[in-house]
Amino acid sequence: MASESCVIPVVKSPVDYQAFRISPQDTNRLAIVFDPQIANMSLTLCVEIFDVGGKTPPNRHQWAVEMFFVLKGEGLATCDGKTVHVQAGDSILVPPTGIHGIENIGSGRLYALCFMVPNENFAELIRSGIPAELDEEDMAVLRRTPSPVLC
């Protein structure tokens, strides 16, 4: 007879997400959805929010696979010298050791889900940064509601 177990899922909403800038000069924020501290497993899921003109510095991971799913906006994704245009609905898979980065080239913010497996200290790096706020525009994207009218 197979043993049965009941696992209670962890459920969060955007008001629960903690956002950070890794460095004061960064033009992107990372809102942690799940990480080892919350999920008790070696993965990180966050929403990466790029301001207009924002980009990540070129970086690489020794063992982790990093995946992005663009929620809103448009940008350029570069990995090992190859650059492609990305927009809402596009997915990017970065293999371990690939030197990569993303740049927002749109007229508004770029939003992307970012998954890293295994965590490879990514969540710890994010959490060691500067706390940041999620504003009305961010919450509208995360909740998939119409954007507020900005005056």
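This text goes with the structure placed above it.
These numbers were taken from a predicted model, which means no experiment stands behind them.

This part covers the pairing of strand β1 (residues 18-21). Bridge analysis of β1 against strand β2 (residues 28-34) gives three bridges, and the strand direction is antiparallel. Bridging from a neighbouring strand, Ala19 pairs with Ala31 of β2. Adjacent in sequence and paired antiparallel, β1 and β2 are bridged by six residues.

Our next topic: the pattern of salt bridges. Scanning the model with the defined rule gives seven salt bridges in all. Here Asp51 makes a salt bridge to Arg21, at a shortest N to O gap of 3.6 Å. Of this pair, Asp51 sits in the loop between β3 (44-50) and β4 (65-72) while Arg21 sits in strand β1, and the two are 30 residues apart along the sequence. In this structure, the salt-bridge partner of Glu137 is Arg109, at a minimum N-O distance of 3.4 Å. One end of the pair, Glu137, is in helix α3 (residues 136-142); the other, Arg109, is in the loop between β8 (100-104) and β9 (110-117), with 28 residues separating them in the sequence. Arg109 carries the same exposure label as Glu137, and that label is buried. Here the residues in one salt-bridge network are Arg21, Arg29, Asp51, Arg109, Asp135, Glu137 and Asp138, joined through shared partners.

Conventions used here
Residues numbered from 1 in each chain as written. Predicted model: local features only at pLDDT ≥ 70, side-chain atom pairs only at ≥ 80, totals over all residues. Heavy atoms only, no water. Pairing = 2+ DSSP bridges. Helix = DSSP H or I, 4+ residues; strand = E, 2+ residues; numbered from the N terminus. Salt bridge = Lys/Arg side-chain N within 4 Å of Asp/Glu carboxyl O. Buried < 20%, exposed > 50% of the residue type's maximum accessible area, 1.4 Å probe, protein only.

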